[in-house]
Amino acid sequence: MYRVLVGVTVALWTTGCSMNSSALTAGFADSPSLSARPTRQASLGGDLDTRTPTRVEGSQRTASLAPSANRPSERAPKGALADRDYSRAALNPESARDAINNYRRSKGLKPLKLDAELTTAARAHAQDLAKWDRISHYGSDGSNPWDRVKRAGYNAKLAAENVGTGQATFDEVLKGWQNSPGHNKNLLQPEAQHIGLALVHDPKTEFKTFWTLVIGSRL
């Protein structure tokens, strides 16, 4: 059985989702539009159940969540983050891994190791999100997290993805994930073995920063 769990965190707005080989849950369901959110106020979005095209049971809504440059829930209002200081926006993968592992140890869970293939998957998605200045689990080519992990050569029995946009530091995005039930569940996956991390910082975009965390375990 293959399982994929995914979560999205936006700087001021957070959503979460989960996915396995037969179902995808995306966090666009009850999230108000970004323009309705006050600056720097974090909030949590709900889950939207969808199905992959290979399954006909239930509500088959995968196509409706295909990437679109015009989805309001994927975009930041113009200038929303212009007054934030991103001078410390940087990623040290080892330090980030240690922060995650310290959190896992506090919950009695084993530490995770950095993995080059999961890092490749994380970097590809962060770069794609930055290119289009959007937040989504879907790549601009229609890929989902499972697709990207496979492309990177990681033979997974479990994979999890958390994404964050607009956070100025890794500590900020990690706290956001910890405070979101869906993302926190991904951080605390007991079966996980490896992680990949990536950050793209592009001051020309509205979101400014694009963080991606991929967690997995091999078959």
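It should be emphasised that the depicted structure is a prediction, and the values quoted were computed from it without experimental measurement.

Draft legend 1. Up close: the overall build of the protein chain. Summing up its helical and strand segments, the protein chain has five helices and nine strands in all. Ordered by position from the N terminus, the helices and strands of the protein chain form the series β-β-β-β-β-α-β-α-α-β-α-α-β-β. For the protein chain, long-range pairs separated by at least 24 residues make up 69% of all intrachain contacts whose partners lie at least 6 apart in sequence. Accessible surface for the protein chain amounts to roughly 9,800 Å². Of this, 49% is attributable to carbon and sulfur atoms.

Draft legend 2. Representation of the packing of aromatic side chains within the structure. This structure, assessed with the given rule, holds three aromatic pairs. Aromatic pair Phe170 and Trp177: ring centres 6.4 Å apart, planes at 80°, arrangement edge-to-face. You'll find Phe170 and Trp177 in the same group, each marked buried. Centroid distance Phe207 to Phe210: 6.1 Å. Interplanar angle 85°. Geometry classified as edge-to-face.

Draft legend 3. Structural detail: the packing of helix 1 (residues 93-106) against helix 4 (residues 170-178). Remark: helix 1 packs on helix 4, axes separated minimally by 11 Å, with the N-to-C direction vectors making an angle of 30°. Here helix 1 lies roughly parallel to helix 4, going by the angle between them. Remark: the crossing between helix 1 and helix 4 carries right-handed chirality. Residues Ala96, Ala99, Ile100 and Tyr103 of helix 1 pack against Phe170, Leu174 and Gln178 of helix 4. Tallied by class, residues from the contact of helix 1 with helix 4 come to six nonpolar, one polar and no charged.

Draft legend 4. Structural context of helix 1. With 14 residues, helix 1 should reach 20 Å at 1.5 Å per residue; the first-to-last C-alpha distance of 20 Å fits that figure. Residues of helix 1 that are buried include every one of Ala96, Ile100, Asn101, Tyr103 and Arg104, and no others. Down the axis of helix 1, the buried set is contained in an arc of 155°. They therefore lie on one face. Considering only its buried residues, helix 1 is in contact with helix 4, helix 5 (181-187), strand 8 (194-201) and strand 9 (209-218). Where helix 1 begins, the capping side chain belongs to Asn92, and its oxygen is found 3.1 Å from the backbone nitrogen of Glu94. Downstream of helix 1 by a residue or two, Gly108 has a phi angle that is positive, lying close to 80°.

Draft legend 5. Fine view of unusual backbone geometry. One non-glycine residue with positive phi stands out, namely Asp133, at about 50°. For Asp133, a relative accessible area of 13% corresponds to the buried category. Even without being glycine, Lys208 reaches a positive phi, approximately 70°. With relative accessibility at 15%, the residue Lys208 sits in the buried group.

Draft legend 6. Main features of helix 2 (residues 116-132). Taking 1.5 Å per residue as the helical rise, helix 2 with its 17 residues ought to reach 24 Å, and the 25 Å between its terminal C-alpha atoms agrees with that figure. Every buried residue of helix 2 is listed here: Leu118, Thr119, Ala121, Ala122, His125, Ala126, Asp128, Leu129 and Ala130. In the core, the buried residues of helix 2 are packed alongside helix 3 (145-151), strand 7 (156-165), strand 8 and strand 9. Capping of helix 2 at its N-terminal end is provided by Asp115; its side-chain oxygen lies 2.9 Å from the backbone amide nitrogen of Glu117. Positive phi shows up at Asp133, right after helix 2, with a value of about 50°.

Scoring rules and cut-offs
- Residues numbered from 1 in each chain as written.
- Predicted model: local features only at pLDDT ≥ 70, side-chain atom pairs only at ≥ 80, totals over all residues.
- Heavy atoms only, no water.
- Helix = DSSP H or I, 4+ residues; strand = E, 2+ residues; numbered from the N terminus.
- Contact = heavy atoms within 4.5 Å.
- Areas by Shrake-Rupley, 256 points an atom, 1.4 Å probe, with all protein chains shown as cover.
- Phe/Tyr/Trp six-rings, centres within 6.5 Å; stacked < 30°, edge-to-face > 60°.
- Buried < 20%, exposed > 50% of the residue type's maximum accessible area, 1.4 Å probe, protein only.
- Axes fitted to C-alpha atoms, helices over the stretch in contact; angles between N-to-C directions.
- Parallel < 35°, antiparallel > 145°, perpendicular 65-115°, else oblique.
- Left-handed = near helix turned anticlockwise from the far one by under 90°.
- Nonpolar A, V, L, I, M, F, W, Y, C, P; charged D, E, K, R; others polar.
- Expected span 1.5 Å × (residues − 1).
- Arc of directions from axis to C-beta.
- Polar contact = N/O pair within 3.5 Å; in protein donor to acceptor, adjacent residues only side chain to side chain.

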